[in-house]
Amino acid sequence: MPKSITVDRNLSIPEANRLICTAQLYYAFWNTGKQKYLKASVSADFQDNTLPKGRPQGYKGILFASNNFRKVIPGLRCSVEDLIITNNKIICRQVYTGYYTGSLKGHAPAGRPIRFVALDILHVRQGKVYEDWHLEDNLIFRQQIGVVPID
């Protein structure tokens, strides 16, 4: 459940509820890694507008990202801190937490706690996310697992 929800007053209650439901399903996927939530919330023609190098485009790219994060942080959790609902858009601030017990590019797991933030702008059509802009704090994440030194 989101800690804070702000809804555009111009939206009808049913439309706002549909967007909130889509958001809850999408972030349930990021919280659990269970593909059933992804299928329920993301369209087959999904487009990632901030695709990092090496990640496949589309629906498969979301699975790729989740699977790779969960290799490094098997117990990865996603908390929705702020959810903003407006006309066919979901804006969300998330906090990801867990413990670095997997390995990344030869760096041994250290069991260190992980906490980093991410921001999304999701566009929704017919109840499903069809494109996004995503920004996560990869520097903090990499510092926490010891890949990037902290000055």
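Residues numbered from 1 in each chain as written. Predicted model: local features only at pLDDT ≥ 70, side-chain atom pairs only at ≥ 80, totals over all residues. Heavy atoms only, no water.

A. Summary view of unusual backbone geometry. At N88, a position not held by glycine, the phi torsion is positive, near 60 degrees. Relative to the assigned elements, N88 resides in the loop between β3 (77–86) and β4 (89–100). Even without being glycine, Q126 reaches a positive phi, approximately 50 degrees. For Q126, the location among the structural elements is in the loop between β5 (112–125) and β6 (128–136). (Helix = DSSP H or I, 4+ residues; strand = E, 2+ residues; numbered from the N terminus.)

B. Summary view of the sheet that holds β3. An order of β1-β3-β4-β5-β6-β2 is seen for the six strands of this open sheet, with the pairing classed as mixed. Edge positions in the open sheet fall to β1 (4–7) and β2 (42–48), since each of these has one partner strand only. The sheet shows a mean angle of 25 degrees between the axes of neighbouring strands, direction not considered. One ladder, built from three bridges, connects β2 with β6; its direction is parallel. The partner of D48 across the bridge, within β6, is D132. (Pairing = 2+ DSSP bridges. Axes fitted to C-alpha atoms, helices over the stretch in contact; angles between N-to-C directions.)

C. Representation of helix α1 (residues 13–32) within the structure. A rise of 1.5 Å per residue sets the reference length of α1, with its 20 residues, at 28 Å; its end C-alpha atoms lie 28 Å apart and thus fit the reference within 8%. Residues of α1 that are buried: E15, A16, L19, I20, T22, A23, Y26, Y27, A28, F29, W30 and N31. One side-chain oxygen of the residue at the start of α1 lies 3.2 Å from the amide nitrogen of E15, identifying that residue as S12. Looking one or two places after α1, you find G33, whose phi comes out positive at around 80 degrees. (Expected span 1.5 Å × (residues − 1). Buried < 20%, exposed > 50% of the residue type's maximum accessible area, 1.4 Å probe, protein only. Polar contact = N/O pair within 3.5 Å; in protein donor to acceptor, adjacent residues only side chain to side chain.)

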